[in-house]
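# Topology and contacts: notes
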Amino acid sequence: KNEVEQSPQNLTAQEGEFITINCSYSVGISALHWLQQHPGGGIVSLFMLSSGKKKHGRLIATINIQEKHSSLHITASHPRDSAVYICAVRKRDGDKIIFGKGTRLHILP
Amino acid sequence: DTGVSQNPRHKITKRGQNVTFRCDPISEHNRLYWYRQTLGQGPEFLTYFQNEAQLEKSRLLSDRFSAERPKGSFSTLEIQRTEQGDSAMYLCASTSGLATFTDTQYFGPGTRLTVL
């Protein structure tokens, strides 16, 4: 079983829909990252969370440390949000980061 | 452009050849990470440096792989005797590493390796 699991693997939605991507992990962590990867490989860091909730524009990220679960929400989704969204955790017992396999999001106009 | 840069962006090589990739981190970032990403998968950790010291290596990093960061600035990743299974995107990231719980990793554009 992977230490970081994301769901869904693929998600197609209409422009304007509210999007939720989930991440569950099974190890003790010091931080969780949400990353966005565009076609061609470029990766952008969206959020770094250790507790609670963060908001940036139309993006909201939450984390529940007790349940070992995080969600990334996109409000009023737009075709330019189409990308792969990756959850990554920094293990508490070192500096290594473990990545999920990513969620491929496609927003239709 | 003050972001992380990687060269080359694409490399096609024949099986058995050696290849070397370069990563230039954001200036003054003291931590540098190498990752490998195969198609349809998330990135996998390979190794990381704190300044010039290589602090951790993944078991994915076989003896054909070697990474250096001689002056604590740019880093190179060399693959010897390449195999078709080495075909992947090789990503580099850097952080300031000043506060472990709050640092953000800044990724380069990656080097896509194709081994024929």
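Above this text you will find the structure in question.
These notes cover the structure that comes with them. Bear in mind the structure is a predicted one, so any value in this text is a computation, not a measurement.

## Here's the deal with the overall build of chain A
Within chain A, the regular secondary structure consists of zero helices and 11 strands. For 109 residues, the compact-globule estimate of 2.2 N^0.38 gives 13 Å, and the C-alpha radius of gyration of chain A, at 13 Å, lies within 12% of that figure. If one aligns the C-alpha atoms of chain A with their principal axes, the spans along those axes are about 45 × 30 × 25 Å. Within chain A, the fraction of its 109 residues that count as buried is 48%. Once local pairs closer than 6 in sequence are excluded, the contacts in chain A between residues at least 24 apart make up 54%.

## Thoughts on the interface of chain A and chain B
Taken together, the contact pairs 18 residues of chain A with 21 residues of chain B. In this structure, the connection of chain A to chain B is made through zero salt bridges. At the boundary of chain A and chain B, one finds one residue pair in polar contact (both at pLDDT 80 or more). Broken down by secondary-structure element, the contributors of at least two residues to the side of chain A that touches chain B are β4 (29-37), β5 (43-49), β9 (83-91) and β10 (97-99) of chain A. Element by element, the count of residues in the side of chain A that touches chain B is highest for β4(A), at five residues. In the side of chain A that touches chain B, the residues fall into seven nonpolar, seven polar and four charged.

## Examining the nonpolar core
Within the largest apolar cluster, 24 residues are counted, with the highest numbers of intra-cluster contacts made by Leu32(A), Trp34(A) and Val89(A). Membership of the second largest hydrophobic core comes to 19 residues, among which are Leu32(B), Trp34(B), Ala67(B) and Ile79(B).

## So, the pairing of strand β3 (residues 19-24) of chain B
All names here are of chain B. Side chains Val19, Phe21 and Cys23 of β3 all project onto a buried face; the interleaved residues Thr20, Arg22 and Asp24 project onto a face where none is buried. Pairing of strand β1 (residues 5-7) with β3 involves three bridges; the strand directions are antiparallel. Bridging from a neighbouring strand, Gln6 pairs with Cys23 of β3. With five bridges connecting them, β3 and strand β8 (residues 75-79) associate as antiparallel partners. Bridging across to β8, Arg22 finds its partner in Thr76.

## Concerning the environment of Pro43(B)
Positionally, Pro43(B) belongs in the loop between β4 (31-37) and β5 (44-50). Taking C-alpha positions, Pro43(B) is 8.7 Å from Tyr90(B), a pair spaced 47 residues apart along the chain. Beyond its immediate stretch of four places on either side in the chain, Pro43(B) contacts Ile43(A), Ile86(A), Phe99(A), Tyr35(B), Arg36(B), Gln37(B) and Leu91(B).

## Overview of the pairing of strand β7 (residues 65-68) of chain B
All names here are of chain B. Every second residue of β7 is oriented toward a common face, the buried set being Phe65 and Ala67 and the non-buried set Ser66 and Glu68. Across four bridges, β7 lies against β8 in antiparallel orientation. Residue Ala67 lies in a different strand from β8, and its bridge partner there is Leu77. Hairpin connection from β7 to β8: six residues lie between these consecutive antiparallel strands, with Gly72 at a positive phi of about 75 degrees.

## Quick word on the pattern of salt bridges
When their charged atoms lie close together, side chains carrying opposite charge are able to pair. Residues and elements named next belong to chain B. Taken as a whole, this structure holds six salt bridges over all chains when the rule is applied. Its salt-bridge partner being Arg36, residue Glu44 comes within 3.9 Å of it at the nearest N-O pair. Judged by its relative accessible area of 29%, Glu44 is partly exposed. Glu83 is paired through a salt bridge with Arg64; the nearest N and O atoms lie 3.4 Å apart. Of this pair, Glu83 sits in the loop between β8 and β9 (88-95) while Arg64 sits in the loop between β6 (53-57) and β7, and the two are 19 residues apart along the sequence.

## Observations concerning unusual backbone geometry
The step from Ser7(A) to Pro8(A) runs through a cis peptide bond, and the omega angle for that step is -5 degrees. Note on placement: Pro8(A) falls in the loop between β1 (4-7) and β2 (10-14). The peptide bond linking Asn7(B) to Pro8(B) adopts the cis configuration, its omega dihedral lying at -10 degrees. Tracing the chain through its elements places Pro8(B) in the loop between β1 and β2 (10-13). Phi is positive for Lys68(A), close to 55 degrees, though the residue is something other than glycine. With respect to the helices, strands and loops of the structure, Lys68(A) is situated in the loop between β7 (59-64) and β8 (69-74). The phi torsion at Asn51(B) lies on the positive side, around 55 degrees, for a residue other than glycine. Mapped onto the elements, Asn51(B) comes out in the loop between β5 and β6.

Scoring rules and cut-offs
Each chain has its residues counted from 1, running along the sequence as written. Just so you know, chain letters begin at A and ligand numbers begin at 1, following the order they were written in. Note on the predicted model: pLDDT of at least 70 is required for a residue's local features to be given, and 80 or more for side-chain atom pairs to be given and counted; whole-chain, interface and lining totals, by contrast, use all residues. Heavy atoms from the whole structure form the basis of all side-chain values; hydrogens and water molecules are not counted. Going along the chain from the N terminus, every DSSP run of H or I of four or more residues is numbered as a helix, and every run of E of two or more is numbered as a strand. Here the globule rule is a power law, 2.2 Å times the number of residues to the power 0.38, and the radius of gyration is based on C-alpha atoms. Residue burial is assigned from relative accessible area. The probe radius is 1.4 Å, only protein chains are included, and a residue is buried under 20% of its type maximum, exposed over 50%, and partly exposed in between. In what follows, a contact means two residues having at least one pair of non-hydrogen atoms within 4.5 Å. Just to be clear on terms, a salt bridge is a Lys or Arg side-chain nitrogen sitting within 4 Å of an Asp or Glu carboxyl oxygen. Pairs of N or O atoms within 3.5 Å make up the polar contacts considered here, provided that, within protein, one atom can donate a hydrogen while the other can accept it, and that residues adjacent in sequence are counted only when both atoms are side-chain atoms. Throughout, the ten residues Ala, Val, Leu, Ile, Met, Phe, Trp, Tyr, Cys and Pro are labelled nonpolar, Asp, Glu, Lys and Arg are labelled charged, and all others, Gly among them, are labelled polar. Grouping buried Ala, Val, Leu, Ile, Met, Phe, Trp, Tyr and Cys residues that are joined through side-chain atoms within 4.5 Å yields what is termed a nonpolar core. Should DSSP find at least two bridges between two strands, the strands are regarded as paired.

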